[in-house]
Amino acid sequence: MATITQTQTTTATESAPLKLTLAYKEEIHEEYKYSAYLPVYDTKTSFPPLKPFEFNDRGLVANKEKPNLFSKENAPELQVAKLTPVIGTEIRGLQLSQLNDRQKDELALLIAERGVVVFRGQDFKDIGVEKQKEFGRYFGPLHIHPVGAHVKDNLELHNIYLGPDNEYRNHRRGNRLTTTGYHSDVSYERQPPGITILTLLSALLDNLRAEHSGFPQAEGARRDGLFVRREPVKTEHPIVRIHPATGQKALFVNPGFTKRIIGLKDEESEALLKLLFQHITFGQDFQVRVKWEEGTVALWDNRVTSHTAISDYNVHEPQEGLRHGFRITALAERPRGVGGLESRWEE
């Protein structure tokens, strides 16, 4: 799986064209909600060495009791929990995008005390680049990475990206057993960073569709001399499907009918599907086995589960007898994935 790069030229000014190298494959991300954040390389703009500056840590002016940040009056759904006794705090029910200056000051102190603070259920990735930079700038001047990929027109947003169209981060691993490498961000700088804000926009699978085909089933039936009462179809469904009633995400692939991942090369598709199929088949910590007895009726939701029959009986043994039943299946909605990604097909 090779890294795919493409070069395009945009115009910054009439006299100074800005050269950008795309570090992703455009056709994979045609309907990606966060396409404006995909990684590019500005190969023209350069900067002088960073100059010394006066820095005032916002935590120095914070109320050590943090009454503003932890106010139930302002955030009735607020939940605060320590991830471990010595490091890490998790916060729910409070939006970073809505914090006032006093709350930000107390947050800066909390980060210093606990090392890392994780906020859940945030709208931060959807507030826009300018507000994202404004939030970060409250805690200090924003760093521009000297070599890394970035968001187009926003060098301050250092880009983190690993997908089938760019495995640069994997390739750097070489022959090592792990990609783990503990570090403090750009600690070589004269005045190294204080607070880092990391936001993940998406997981790889969220933006991909896979082809589900009924053709092999129909062809097999015809080979066996059976009647095919409806001609088979192919449909491209989101790999990650969202249930309309619960909002739950679930893998929507299966070895029986899922044939390939759209936009990936054959080898990439086969490798990823193999991984997903193994996850479904051998993930015993999220499996249930139903043992039949007289009067049993089982119901399942095909949008969030896969199933298999198990031939753990012998119909030729008198004590086991005949195994016979029927299935009624109700159709449901057109699958919808993350960011509104919908199923599609050719008419």
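Only a predicted model underlies this, so the values are computations on that prediction, with no experimental measurement involved. (Residues numbered from 1 in each chain as written. Predicted model: local features only at pLDDT ≥ 70, side-chain atom pairs only at ≥ 80, totals over all residues. Heavy atoms only, no water.)

> I'm lost on the overall build of the protein in this one. Help?
Looking only at helices and strands, one finds five helices and 13 strands in the protein. Across the 347 residues that make up the protein, the buried fraction comes to 32%. For the protein, long-range pairs separated by at least 24 residues make up 62% of all intrachain contacts whose partners lie at least 6 apart in sequence. (Helix = DSSP H or I, 4+ residues; strand = E, 2+ residues; numbered from the N terminus. Buried < 20%, exposed > 50% of the residue type's maximum accessible area, 1.4 Å probe, protein only. Contact = heavy atoms within 4.5 Å.)

> Just checking my understanding: could you explain the environment of Glu106 for this structure?
Relative to the assigned elements, Glu106 resides in helix α1 (residues 101–114). On the basis of relative accessible area, Glu106 is assigned to the buried category, the value being 1%. Taking C-alpha positions, Glu106 is 8.5 Å from Pro67, a pair spaced 39 residues apart along the chain. Those residues in contact with Glu106 that sit more than four places away from it in its chain are Ala62, Asn63, Lys66, Pro67, Asn68 and Leu69. A polar side-chain atom of Glu106 sits 2.7 Å from the main-chain amide nitrogen of Leu69. (Polar contact = N/O pair within 3.5 Å; in protein donor to acceptor, adjacent residues only side chain to side chain.)

> Which parts of the structure should I look at to understand the sheet that holds strand β9 (residues 209–213)?
The strands that make up a sheet are held in pairs by hydrogen bonds between backbone atoms, and each pair lies either parallel or antiparallel. Here we have three strands laid out as an open sheet, ordered β10-β9-β13, and antiparallel in their pairing. Looking at strand neighbours, the two that pair on one side only are β10 (234–238) and β13 (258–261), the edges of this open sheet. If you compare each strand with its neighbour and ignore which way they point, the axes differ by 30 degrees on average. Direction of pairing for β9 relative to β13: antiparallel, over a ladder of three bridges. Paired with Ala210 across the bridge in β13 is Ile261. (Pairing = 2+ DSSP bridges. Axes fitted to C-alpha atoms, helices over the stretch in contact; angles between N-to-C directions.)

> Please explain unusual backbone geometry as it appears in this structure.
Most of the time, phi is negative for any residue but glycine, and the peptide bond is trans. Of note, the phi angle at Lys66 is positive, near 55 degrees, even though the residue is not glycine. Even without being glycine, Asp153 reaches a positive phi, approximately 70 degrees. Relative to the elements of secondary structure, Asp153 occurs in the loop between β7 (150–151) and β8 (154–158). For Asp153, a relative accessible area of 60% puts it in the exposed group.

> What is the right way to read the side chain of His212 from this model?
On the secondary structure map, His212 appears in strand β9. Residue His212 is classed as buried on the basis of its relative accessible area, which comes to 11%. Of the polar contacts made by the side chain of His212, one reaches the backbone oxygen of Phe252; its length is 3.3 Å. Apart from the residues lying within four places of it in its own chain, the contact partners of His212 are Val233, Lys234, Thr235, His237, Phe252, Val253, Asn254, Phe257 and Thr258.

> Explain the confidence of the model for the protein to me, please; I cannot follow it from the model alone.
Keep in mind that low pLDDT regions are not for reading the predicted coordinates in detail. Averaged over the protein, the pLDDT score is 84; the fraction of residues at 70 or greater is 88%. Taken element by element, the predicted model of the protein shows its lowest mean pLDDT in strand β1 (residues 6–11) (36) and its highest in α1 (95). Note that residues 1–15 has pLDDT below 50 and, in this model, 41 contacts with residues that lie over four places away or in other chains. (pLDDT = per-residue confidence, 0-100.)

> Any chance you could explain the sheet that holds strand β5 (residues 89–92) here in plain terms?
If you trace the three strands from one edge of the open sheet to the other, you get β4-β5-β6, paired in mixed fashion. Of all strands in the sheet, those with a lone pairing partner are β4 (79–82) and β6 (117–119), marking the two edges. Going across the sheet, the axis of each strand differs from the next one's by a mean of 20 degrees, ignoring polarity. Strand direction decides the pairing type here: β4 and β5, joined by four bridges, are antiparallel. When the bridges of β5 are listed, Gln79 appears paired with Arg92. Strands β4, β5 and β6 of the sheet are contacted by α1, whose axis makes an angle of about 125 degrees with β6.

> Would you mind showing me how to read the environment of Asn207 here?
When you line up the elements, Asn207 lands in the loop between α3 (168–171) and β9. Assessed through its relative accessible area of 18%, Asn207 is described here as buried. With near-sequence residues (within four places) excluded, Asn207 lies in contact with Ile28, Tyr32, Ser202 and Leu341.

> Help me understand the packing of aromatic side chains in this model?
Any pair of aromatic rings gets described here by the distance separating the centres and the angle formed by the planes. Evaluation of the coordinates by the stated rule reveals four aromatic pairs. Seen from their ring centres, Tyr34 and Tyr37 are 6.3 Å apart, and the 75 degrees between their planes marks the pair as edge-to-face. Each of the two residues, Tyr34 as well as Tyr37, counts as buried. Through pairs of rings, three or more aromatic residues link up here, namely Phe124, Phe135, Tyr138 and Phe139. Directly above the aromatic system of Phe252 lies the positively charged group of Arg241, at a separation of 4.5 Å from the ring centroid. (Phe/Tyr/Trp six-rings, centres within 6.5 Å; stacked < 30°, edge-to-face > 60°. Lys NZ or Arg CZ within 6 Å of the ring centre and 35° of its normal.)

> In this structure, what is going on with the pattern of salt bridges? I would like to understand it.
For side chains of opposite charge, pairing can occur when their charged atoms come near one another. Within this structure, the stated rule accounts for 15 salt bridges. With its nearest N and O atoms 2.9 Å apart, the salt bridge here joins Arg58 to Asp105. Of this pair, Arg58 sits in the loop between β3 (39–42) and β4 while Asp105 sits in helix α1, and the two are 47 residues apart along the sequence. Residue classification places Arg58 among the partly exposed residues on the basis of a relative accessible area of 27%. For Asp105, a relative accessible area of 8% puts it in the buried group. In this structure, Glu90 engages Arg120 in a salt bridge whose closest nitrogen and oxygen atoms are separated by 2.8 Å. (Salt bridge = Lys/Arg side-chain N within 4 Å of Asp/Glu carboxyl O.)

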